[in-house]
Structure formats: C-alpha cells, structure tokens
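# Coordinates in review
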Amino acid sequence: MKAENHRTSVSALMGVAVMGHDGKAIGRVAEFAVLPMTDACHVEALVLSGGAAARKDGPAMIRLGALRRKEDGRLHLLEGESASQMTDRDAYLMLDRDLLDQQIIDINGHKVVRVNDVDLVWEMTGEDDARQLTLRIAEVEVGLRGAARRLLKGLPQEALDRLTCKFKPRVIPWDFVDLIDRDPSRRVRLKIEQDRLSRMHPSDLADILEELAPAEGLALFSSLDEEVAAEALEEIELKTQKTLIESLDSETVAGIIDEMDPGAAADLLSELSDERSDAILEEMGEKERHDVEELLEYAPDSAAGLMTKDYIALEGNSSVADAMAALRSFEGDLETVTEILLIDERGCLTGQIHVARLLLADHEAVAQEGQGLAGMCESHVVTSDLNANGRKVAEQFDKYNLRCLPVVDANMRLAGVIRAEHVIGWLRHHH
C-alpha cells in the first residue's frame, strides 16, 4: 500500500498502534483532533491512549506531520519527533466525540441525518524533503456501510472492506456537512454555512428544524437571521414554534415575529401565556404590534382569524405609477401579492386589480384615459365577512378559484385579506 491517497476511516483507524523509534508501540489511536479555525478539512493530530502515551496530566497527541505511514499501514514516529501532552482539549473538534452519532444537515438532501463514520484520506503534501503526511477529511458516512464499519471495527482493513462492500455507500462530502452543536460556548466550531441555509426553501428549513432534537433545533434556529427564521417559523407546527422560541428572550422573538406574516404571528402569540405574549408585543415595532393585536381579537378559525394585514390598498383615483411605487415599497412578502385592492376615502372596498394585469397594461394609455386604477378593476369581486368560518372560506376559494379573498366588515370596510396559503394551512390542520 502506498501512503499517498489511501482511503481509510475513523472506525478503521481507531485502535491502530503508533510505533516509536525503537519499534515499540507508544500508544493506540483514540481520537482525531481537528482545528476548525485553522484547517477544517484536515486532522491536525492523533490523540493516543495506553502504552507509553498514557499520562496523568492529560492525553498525549502526535501531529500528523510527525508521522510516517509504512506500506503495511503501520504508523511510525519520524526521527526526532515525540508525543506531547494535549492542552486545551475543547479548542479541537474531536471526530469521534463531537461527530459520530451526531445529527447533521444534509444540505443537498434537505434533511437531517446521523453520522455513522467519517471517511479519511492519507495524502502526502509538499515537495522533496519537505513532504509531510496529512489526513484529509473526505466525507461522512450516513448509511448502513458506516454503521457496519463501526460494528466491526478492530478487524484488519482488508477484512473490513470485504465485509462492508456489499452495502451501498451513503455519504455526504465534508464541504457540505453542517454540524449542529447544542452548546453555545462551542459555537465557534460550527460549520453552518448561512448562505446555503438562507437559500433553502422555508418549507425545507422547517422540515429540518422539526426533525432535529430540541437542543440542536434551537442551536440552528438561533443562528438564522431574523427574516430567514421568520419564514421558516411560519411553516412549522405551532407546538414546535413554541418550543423554538420559549428559551429566547422577548426582544429576540419580537425581532423575528416582526418579520412574520401578521396572521401567523397572531396564531403563535395566541398559544403563549398572556404575560409572555404581552412582553413580546411590547418589544415589537409599532405598526407590526398594532396589526397583530388587532388579529388577536378574532377567533382563529374565523375569516378574521385567518386573514393578514399584509396587503396593498390604494384609492381608486390612484395612478398606475402609484401602484408600481406601492409594490416597490411593500415591506411584506411581495411574492404573495397577487392583487392590488382599491378603497374609497372611508376605507371601503371598491375593487381589485390582478398584479399581472397591472404589469401588462399600456401605462400611457391608462394615464391618458384619466380613469386611474378604477378603470382597470375586475368585473366581479368576491369578499368574506369577518365571522365566516374556515370551511366557508375554503369553499369560496374552491368555487371561485381564488388567489386572494378580501375580508370586510359590515360596512364593507377592508379589514384584511386571506391568501391561498392561509387556507391550505387551515385545511392541513383540520383534516
């Protein structure tokens, strides 16, 4: 066997003897130390146990650069090198202690998996006399092959490979691994890549948060920025929402809820104690707090309880330019806006316009006609009263093939809108 580019694994190397200059074993491999802040892709040192390496003052370690690997796979100290005491153990990521059996995020698969083994590669770096042995972290094993390796560890490498080759490998490249560490004091060792997480669909991120154990889920949730956290939280069951926010301070929760759909925020706050809900509301922005407080007054299964205050409403004499400016300045989720609602000076609903129709219209011709947005209204507008139940709302969406349903009071004043995703969420929880 050559020392270069030889694949191995944590389970295969665990317990392997390390030989001294005199040919006697000085200890056996007990752990693999990585310094993530220096080089997260290579093992910095091997931690030894037993033999001459046993120390009362702490475990012994040997840098990879102080070793050579013979063709039979045995590890030997280079001339002039020796084992040293490991200090500041918590500064290292330990592959066995901190990674095996831990939950990780499979970024590409959008799911949570458990680490069964870690694939490593022996390599030689540098040139001529300066060449050094390195141990690169290649992949994590999350399938049966890794589990079988763990079960059979201690066997010779050839026997281990022969017995486990029948299992189809399930691996995740190390570059794609996101570790979930529940201990905030060790957050520096996380490899969570926020850019990748923020590009995930909120529903995929919600699935991951629901699959993780509570401590790991909280560690991940706490690392997200407010907007991403809010989008994911909206997709999670209320019970899990409560679990994720219960240990966060009111100011932090308020920052997240400020970014949520007001209807979803009201649903969450209604599940909390009055004291906790009031503390969070007090930390929220004035407009967001007003919208949520108004929704909290309604029954959750009513049209008013399902609606949101995030919509765009303009007076009928507004221009197309006014509508475009309103779209550009809208602070809610613009992807959910399918209609521009028209109201009179009293706030009563007078019509609605599909955003698509607005974008495709001849803006100059509309301006010349002098009718403003009122001249572009749909011929029929379906509305719901505040007290309609969820079933009635769902029937309206089905009957009229709606994307948006305005909710009005007894005087036709616009109170809010219900969108298709609100109805889907209601149906999911009631069927």
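Residues numbered from 1 in each chain as written. Predicted model: local features only at pLDDT ≥ 70, side-chain atom pairs only at ≥ 80, totals over all residues. Heavy atoms only, no water.

For the protein chain, the helix and strand inventory stands at 19 helices and 21 strands. When each of the 431 residues of the protein chain is scored for burial, the buried share is 48%. Here the analysis covers contacts within the protein chain between residues at least 6 apart in sequence; of these, 59% occur between residues at least 24 apart. Approximately 22,000 Å² of the protein chain is accessible, and the part contributed by carbon and sulfur atoms is 47%. (Helix = DSSP H or I, 4+ residues; strand = E, 2+ residues; numbered from the N terminus. Buried < 20%, exposed > 50% of the residue type's maximum accessible area, 1.4 Å probe, protein only. Contact = heavy atoms within 4.5 Å. Areas by Shrake-Rupley, 256 points an atom, 1.4 Å probe, with all protein chains shown as cover.)

To continue, consider a negative patch on the surface. Together, Asp225, Glu226, Glu227, Glu231, Glu234, Glu235, Glu259, Glu331, Asp333, Glu335 and Glu421 line one region of the surface with negative charge. Within the secondary structure, Glu331 sits in the loop between α15 (320-329) and β17 (339-343). What makes Glu331 exposed here is its relative accessible area of 73%. (Patch = residues over 30% accessible without salt bridge, like charges linked within 9 Å, V, L, I, M, F, W, Y side chains within 5 Å. Salt bridge = Lys/Arg side-chain N within 4 Å of Asp/Glu carboxyl O. Lys, Arg positive; Asp, Glu negative; His and termini not counted. Charge placed at Lys NZ, Arg CZ, Asp CG, Glu CD.)

Reading across the sheet, the three strands line up as β19-β20-β21 and stay open at both edges, with mixed pairing between neighbours. Each edge of the sheet is formed by a strand with only one pairing partner; in this case those strands are β19 (384-385) and β21 (414-419). As defined by bridge partners, β19 adjoins strand β20 (residues 404-408) across two bridges and the pair is classed as parallel. Bridge pairing in β20 links Asp385 to Val408. Contacts between helix α18 (residues 390-400) and the sheet are confined to β19, β20 and β21, with β20 contributing the most and set at about 135° to the helix. (Pairing = 2+ DSSP bridges. Axes fitted to C-alpha atoms, helices over the stretch in contact; angles between N-to-C directions.)

Turning our attention to unusual backbone geometry. The phi dihedral of Asp101 falls on the positive side, at around 75°, and the residue is not glycine. Mapped onto the secondary structure, Asp101 falls in the loop between α2 (95-99) and β10 (103-106). Residue classification places Asp101 among the partly exposed residues on the basis of a relative accessible area of 36%.

Counting through the fold element by element, Asp106 comes out in strand β10. Buried within the structure, Asp106 lacks any salt-bridge partner; Lys111 is the closest side chain of opposite charge, at an N-O distance of 5.1 Å. Beyond its immediate chain neighbours, meaning those up to four positions away, Asp106 contacts Lys111, Val113 and Ile172.

Across the interface, helix α10 (residues 250-258) lies against helix α12 (residues 274-283) with an axial gap of 8 Å and an inter-helix angle of 65°. Overall, the two elements α10 and α12 adopt an arrangement that is roughly perpendicular. Crossing of α10 against α12: the hand is right-handed. Note on element contacts: α12 touches α10 through Arg276, Ala279, Ile280 and Glu283, opposite Ser250, Glu251, Val253, Ala254 and Ile257. (Parallel < 35°, antiparallel > 145°, perpendicular 65-115°, else oblique. Left-handed = near helix turned anticlockwise from the far one by under 90°.)

For the rest of this paragraph, the subject is the confidence of the model for the protein chain. Confidence in the prediction for the protein chain averages 85 pLDDT; 88% of positions are at 70 or higher. A low-confidence stretch, residues 184-191 (pLDDT under 50), is modelled with 22 contacts involving residues beyond four sequence positions or located in other chains. (pLDDT = per-residue confidence, 0-100.)

The next subject is the pairing of strand β4 (residues 45-49). In terms of burial, β4 is a largely internal element, four of the five residues being buried. As defined by bridge partners, strand β3 (residues 25-34) adjoins β4 across five bridges and the pair is classed as antiparallel. Residue pairing in the sheet places Glu31 in a bridge with Val47 of β4.

In the contact formed by helix α7 (residues 214-223) and helix α9 (residues 238-245), the axes pass within 9 Å of each other and the chain directions differ by 75°. When the axes of α7 and α9 are compared, the pair comes out roughly perpendicular. Facing Pro214, Gly217, Leu218 and Phe221 of α7, the residues of α9 in contact are Thr243, Leu244 and Ile245. Residues that form the contact of α7 with α9 fall into these classes: five nonpolar, two polar and no charged. (Nonpolar A, V, L, I, M, F, W, Y, C, P; charged D, E, K, R; others polar.)

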